[in-house]
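# Notes for the structure review
Chain by chain, the residues run as shown.
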Amino acid sequence: MVEPLPHVREIPPYVPGKPPPARPGLTSYKLSSNENPYPPLPGVLAAAEQAVASMNRYPDMGCALLYDALAAKLGVQVDQLAAGTGSVALIYHLLSAYCGPGDEVVHAWRSFEAYPIAVTAAGAAGVKVPVTADGRHDLDAMAAAITERTKVVLVCTPNNPTGPALTHAEVATFVAAVPAHVVVVVDEAYLEFVRMADPVDGLALVRDHANVVLLRTFSKAYGLAGLRVGYAVAAPEIAGALRAVALPFGVSSVAQAAAVASLAAEDELLARVDGLVAERARMVAGITAAGWWVPEPQGNFVWLGVGDRAAELAAAAGDVGLALRPFAGEGVRVSVGEAEATDRLLHLLGSLEPPS
Ligand SMILES: *Cc1c(COP(=O)(O)O)cnc(C)c1O
């Protein structure tokens, strides 16, 4: 028998959000993957279609147009950027560049479910630091969990799936406490949805610290989840390492073209984000009015900490045509999507007993 390396067997499975159940006579809604419910903008679709016509050619491995557009938008140098097939890929690239067997990666838990998968795949050991009762990172405990084996710390803000975001002051204090040889990843997948005082200024962190990496994605606010494109911003040394370990030609021409077109249409896309943020507020107000509590959501999703009722709540939602994302024994994550889906969720929660 041919055996993979022992750690390959230990990789936990990724549980993707389920598609909505089909219910005759009822429009179903998928609120299980934090996707953007809006269809592509016509201009973005046209740019992607134009790129499809050149599918016989390899993509630009240097992602030149995308890096130029990002550098101009962010005010960084092109050599501070690294693109990947979604920011999930960049987590893999980062861990393969900075970790190996015997190394430790500190991250909050519950947090993004891809973290333990990527950490285990890298052969490293994850050190999970529980989030607080209100779903926030416990940064003091995370700093205390750093040992001489720690190579990377993953900070997810806003935190998927619990929702709250950290303030800039909190993250800046944390980064200052982390040894300079440990890489601090700030996963900002939901950056555009944040509406709070003192939001994280990731670019300032990168300017001040050579060990900070920002991860951003076109999957959520920009609505390109199916095309797989995200990027990292960091000091040139780290960005260069990420580009060096990346799979050649990973980010397709179609994804690059759509991302560039999305940056050009950013105002329109961010207006849609404003709409989703308003819908989030309406969802939270309705949930609260029904007697339920949620941690402060700063992404495009809310967290219902129902503990061992998670499967039951997701099943009840399925019965009314809503796909939610249960985390067994912990809670249920609900993506913010169409208004009709929010109405149906609120109706359902109003008919159930809130957790005590
Ligand atoms: C969705 C998400 C990502 C990025 O996903 P990609 O589609 O791979 O860009 C990264 N981090 C978190 C926390 C996410 O929820």
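Residues numbered from 1 in each chain as written. Predicted model: local features only at pLDDT ≥ 70, side-chain atom pairs only at ≥ 80, totals over all residues. Heavy atoms only, no water.

## So, the domain arrangement of the protein
By domain assignment, the protein separates into domain 1 (6-30 + 267-350) and domain 2 (42-264). Put simply, the middle of domain 1 and the middle of domain 2, counted by C-alpha atoms, are 24 Å apart. Taken together, the contact pairs 27 residues of domain 1 with 28 residues of domain 2. Linking domain 1 to domain 2 there are three salt bridges. With a closest N to O distance of 2.9 Å, Glu-330 and Arg-110 form a salt bridge. Viewed at the interface, domain 2 and domain 1 are joined by nine residue pairs in polar contact (both at pLDDT 80 or more). Elements that contribute at least two residues to the side of domain 1 that touches domain 2 include exactly helix H11 (266-289), strand S9 (301-304) and strand S11 (325-327). At seven residues, H11 tops the list of elements feeding residues into the side of domain 1 that touches domain 2. Split into classes, the residues belonging to the side of domain 1 that touches domain 2 amount to 16 nonpolar, four polar and seven charged. (Domains from an automatic or database assignment. Contact = heavy atoms within 4.5 Å. Salt bridge = Lys/Arg side-chain N within 4 Å of Asp/Glu carboxyl O. Polar contact = N/O pair within 3.5 Å; in protein donor to acceptor, adjacent residues only side chain to side chain. Helix = DSSP H or I, 4+ residues; strand = E, 2+ residues; numbered from the N terminus. Nonpolar A, V, L, I, M, F, W, Y, C, P; charged D, E, K, R; others polar.)

## Concerning the UniProt feature "domain: Aminotransferase class I/classII large" (unreviewed entry) in the protein
With numbering matched to this structure, UniProt assigns "domain: Aminotransferase class I/classII large" (unreviewed entry) to residues 30-346. Structurally, residues 30-346 is divided into 41% helix and 17% strand, and its ends, taken at the C-alpha atoms, are 15 Å apart. (UniProt positions renumbered as here; feature names shortened; annotations may be inferred.)

## Focus on the sheet that holds strand S4 (residues 125-130)
Strands in a sheet are paired, the pairing made by backbone hydrogen bonds, and the direction either parallel or antiparallel. Within the open sheet, the seven strands sit side by side as S2-S8-S7-S6-S5-S3-S4. Their pairing is mixed. With one partner strand each, in any of the chains shown, strand S2 (81-84) and S4 form the two edges of the open sheet. Neighbour-to-neighbour, the strand axes of this sheet turn through a mean angle of 25°, independent of strand direction. Pairing analysis gives six bridges linking strand S3 (residues 104-109) to S4, with the strands arranged parallel. Within S4, the position partnered with Glu-104 by the bridge is Ala-125. Helix H4 (residues 87-98) contacts S2, S3, strand S5 (150-156), strand S6 (183-187), strand S7 (212-217) and strand S8 (230-233) of the sheet and is inclined by roughly 155° relative to S7. Where helix H7 (residues 168-177) meets the sheet, its contacts fall on S5, S6 and S7, and the angle it forms with S6 comes to roughly 160°. (Pairing = 2+ DSSP bridges. Axes fitted to C-alpha atoms, helices over the stretch in contact; angles between N-to-C directions.)

## Description of the site of the ligand
As a structural note, the neighbourhood of the ligand is formed by 13 residues, with Ser-87, Tyr-190, Thr-217, Ser-219 and Lys-220 the closest of them. Asp-187 has a polar side-chain atom sitting 2.7 Å from a nitrogen atom of the ligand. In this structure, an oxygen atom belonging to the ligand sits 2.7 Å away from a side-chain N or O atom of Arg-228. Notes on the ligand: free accessible area 380 Å², of which the protein chains cover 94%. (Near = heavy atom within 4 Å. Areas by Shrake-Rupley, 256 points an atom, 1.4 Å probe, with all protein chains shown as cover.)

## Topic: the environment of Glu-237
Assignment of secondary structure puts Glu-237 in helix H9 (residues 236-245). With 26 residues separating them in the primary sequence, Glu-237 and Asn-211 have C-alpha atoms 9.3 Å apart.

## Describing the pattern of salt bridges
Counted under the stated rule, the structure contains 13 salt bridges. One salt bridge connects Lys-73 with Glu-266, and the closest N-O pair in it is separated by 2.6 Å. Of the two residues, Lys-73 is situated in helix H3 (residues 64-74) and Glu-266 in helix H11; the sequence distance between them amounts to 193 residues. Classification of Glu-266 as buried rests on a relative accessible area of 16%. For Lys-151, the salt bridge goes to Asp-103, with nearest N and O atoms at 2.8 Å. Here the residue Lys-151 occupies a position in strand S5, and Asp-103 occupies one in the loop between H4 and S3, the gap between them amounting to 48 residues. Judged by its relative accessible area of 27%, Lys-151 is partly exposed. It is possible to trace a salt-bridge network through shared partners that takes in Glu-279, Arg-282 and Asp-343. (Buried < 20%, exposed > 50% of the residue type's maximum accessible area, 1.4 Å probe, protein only.)

## Some remarks on the sheet that holds S9
Reading across from one edge, S9-S12-S11 is the order of the three strands in this open sheet, with antiparallel pairing throughout. Edge strands, defined here as strands with exactly one partner in the open sheet, are S9 and S11. Averaged over all neighbouring strand pairs, the angle between strand axes comes to 20°, with direction disregarded. Judged from the three bridges that link them, S11 and strand S12 (residues 331-335) form a sheet pairing that is antiparallel. Bridged to Arg-325 within S12 is Arg-333.

## Remarks on the side chain of Ser-335
Note that Ser-335 resides in strand S12. By relative accessible area, which is 1% here, Ser-335 ends up buried. Separated by 2.7 Å, the side chains of Ser-335 and Asn-34 make a polar contact. Excluding anything up to four places from it in sequence, Ser-335 contacts Leu-31, Ser-32, Ser-33, Asn-34, Glu-35, Met-283, Asn-300 and Phe-301.

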